[in-house]
Amino acid sequence: MNDRRAIIALPLLFAGLLACSPFSAAAAPVRRLLVVDTQRTEPYITITGAMLDSLAGYGFVVGRNLEVERYSLAQFEGAATHIWELKHGASFDVVYIAGTIAAQAFVKIAAENPNSRFVFASVTDPVGLGLIDGFGTAPTRNITGVSFPVPVRDRLRFIRRLMPRARTIGLIHGDMPQSASYRAWLEKLLASEPEFKDLKIIYRSVKFVRGDNGTQRMAMQTVPLIEELNPQVDLFLAPNDQMGINPEFARTMVKYATKPLVGIIEPDAGAGWGATMCIYPSLPGMGQQAGKMIARLLAGEPIAAIPAESPARIGVAFDFKLVKQFGITVPSDLITK
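Since the structure is predicted, the reported quantities are computational estimates derived from the model, not experimental observations.

Colleague: Please explain helix 4 (residues 152–162) as it appears in this structure.
Modeller: Side chains three or four residues apart in an α-helix point the same way, a direct result of the helix having 3.6 residues per turn. Of the residues making up helix 4, those classed as buried are Val152, Arg155, Leu156, Phe158, Ile159, Arg160 and Leu162. Against the buried residues of helix 4 lie strand 7 (168–174), helix 5 (177–192), strand 9 (235–237), strand 10 (261–263), strand 11 (277–281) and strand 12 (314–318).

Here it is in structure tokens:
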């Protein structure tokens, strides 16, 4: 096994990703898809790319029977209204929105345009944002889609398996809506579940910086906070926000911390960004799930027939050089050759 990295794709929450039956798109008229990413960075590059590839697999091919216009908000919510008005958003067959900031920006737009259809991906808390009422039930609004995070319970259980003696966790997050939701879930879990009553999480936050390079600048702000928390904690948890997904966060953490980092996406550990380990949702998998939803809408199905979903594929990844450095034993069932 490569000493630098190992990636293990696990069927932890596998739910049968894509049906094999094609949609009858060949004879359909040209459809129009408006794509709005929160910013031109990961995870949207991968998720949205997989969504478009999935649509092609279902017979909706850009340049043949699918017209796509793609935009980025660069983390500025106000740009959503400008794009919608400039591009006559209501004229598109489906509007795809990627990321919490984009979804938050489109909540009001969607409510004001009940005849339009919206599909989201990579949204941390679609229920909290008012996009959906819940998962696995018929949508009551004109929105459906795929959420982002691994459940907080599963993430803490993953930590338990790898670091059973760990009691104090440091979490530095951005001042962003998805971070607020994630922190609330963690606080509720620790307060209500006896399984985690011995854990303590110390939170710190940095100011939200907008723009496509904003998350890199946010990562730079974490240095004094890392130095403050490092002697107090057993490990650090990457935040479930744009800063946590940016490689600069993990690289900053490994440079200034002497404790393991549990990452949020596969490259954090698998590509050697700086995390020791991570449990992550499959980014291509999310895109494929969203692509299937959009294809069903373009083929004529009502949005009420397409419930919102959580990520269907969850995986784990390790940087075995760091695993060895920190003296962590990885259970054999988490390692595949």
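Colleague: Help me understand the pairing of strand 8 (residues 200–206), please; the structure alone is not making it clear to me.
Modeller: The side chains of a regular strand alternate, residue by residue, between the two faces of the sheet. Relative to strand 8, strand 7 runs parallel, the two being bridged by seven bridges. Bridge pairing in strand 8 links Ile172 to Arg204. Viewed along the sheet, the connection from strand 7 through helix 5 into strand 8 turns out right-handed.

Colleague: How do you make sense of the pattern of salt bridges when you look at a structure like this?
Modeller: Pairs can form between side chains of opposite charge whenever their charged atoms are close. Tallied over the entire structure, the rule returns 15 salt bridges. The shortest N-O distance in the salt bridge between Arg70 and Asp37 comes to 2.9 Å. Of this pair, Arg70 sits in strand 3 (residues 66–72) while Asp37 sits in strand 2 (residues 31–37), and the two are 33 residues apart along the sequence. Residue class for Asp37 comes out buried when judged on its relative accessible area of 3%. Arg204 is the partner of Glu228 in a salt bridge, and the nearest nitrogen-oxygen pair spans 2.7 Å. With a gap of 24 residues between them, Glu228 in helix 7 (residues 223–229) and Arg204 in strand 8 connect regions that are remote in the sequence. In this structure Glu228 comes out as partly exposed when scored by relative accessible area, which is 32%.

Colleague: Even after reading the chapter, I still don't get the nonpolar core, so can you show me in this structure?
Modeller: Note that soluble globular proteins tend to have their nonpolar side chains buried in a common cluster. Of all hydrophobic cores here, the largest spans 56 residues; its most connected members are Leu33, Leu55, Tyr96, Phe236 and Ile294. No other element matches helix 11 (residues 283–298), which puts eight residues into this core. Apart from the residues lying within four places of it in its own chain, the contact partners of Tyr96 are Leu33, Leu34, Val35, Val36, Asp37, Ile47, Thr48, Met51, Val119, Ala121, Ala290 and Ile294. By size, the runner-up hydrophobic cluster in this structure holds 31 residues, among which are Val150, Leu189, Ile314 and Ile328.

Colleague: Teacher, can you tell me more about the side chain of Asn230 here?
Modeller: Summarising the element assignment, Asn230 is placed in the loop between helix 7 and strand 9. Since its relative accessible area comes to 11%, Asn230 is described here as buried. There is a polar contact of 2.9 Å between the side chain of Asn230 and the side chain of Thr258. Not counting chain neighbours up to four residues away, the residues in contact with Asn230 comprise Phe236, Ala257, Thr258 and Lys259.

Colleague: Before we go on, may I ask you to explain the packing of aromatic side chains in this structure?
Modeller: Each pair of aromatic rings is reported with the distance of its centres and the angle of its planes. Applying the stated criterion across every chain, the model contains six aromatic pairs. With a centroid separation of 6.1 Å and an interplanar angle of 40 degrees, the aromatic rings of Phe158 and Phe318 are classed as tilted. Here Phe318 lies in strand 12 and Phe158 lies in helix 4, a separation of 160 residues in the sequence. We classify Phe158 as buried; its relative accessible area is 6%. One aromatic cluster in this structure is built from Trp84, Phe106 and Phe118. Over the face of the ring belonging to Phe92 we find Arg32, whose NZ or CZ atom lies 4.0 Å from the ring centre.

The rules we used
- Residues numbered from 1 in each chain as written.
- Predicted model: local features only at pLDDT ≥ 70, side-chain atom pairs only at ≥ 80, totals over all residues.
- Heavy atoms only, no water.
- Buried < 20%, exposed > 50% of the residue type's maximum accessible area, 1.4 Å probe, protein only.
- Helix = DSSP H or I, 4+ residues; strand = E, 2+ residues; numbered from the N terminus.
- Contact = heavy atoms within 4.5 Å.
- Pairing = 2+ DSSP bridges.
- Right-handed = clockwise from strand over helix to strand, strands pointing away.
- Salt bridge = Lys/Arg side-chain N within 4 Å of Asp/Glu carboxyl O.
- Core = buried A, V, L, I, M, F, W, Y, C linked by side-chain atoms within 4.5 Å.
- Polar contact = N/O pair within 3.5 Å; in protein donor to acceptor, adjacent residues only side chain to side chain.
- Phe/Tyr/Trp six-rings, centres within 6.5 Å; stacked < 30°, edge-to-face > 60°.
- Lys NZ or Arg CZ within 6 Å of the ring centre and 35° of its normal.

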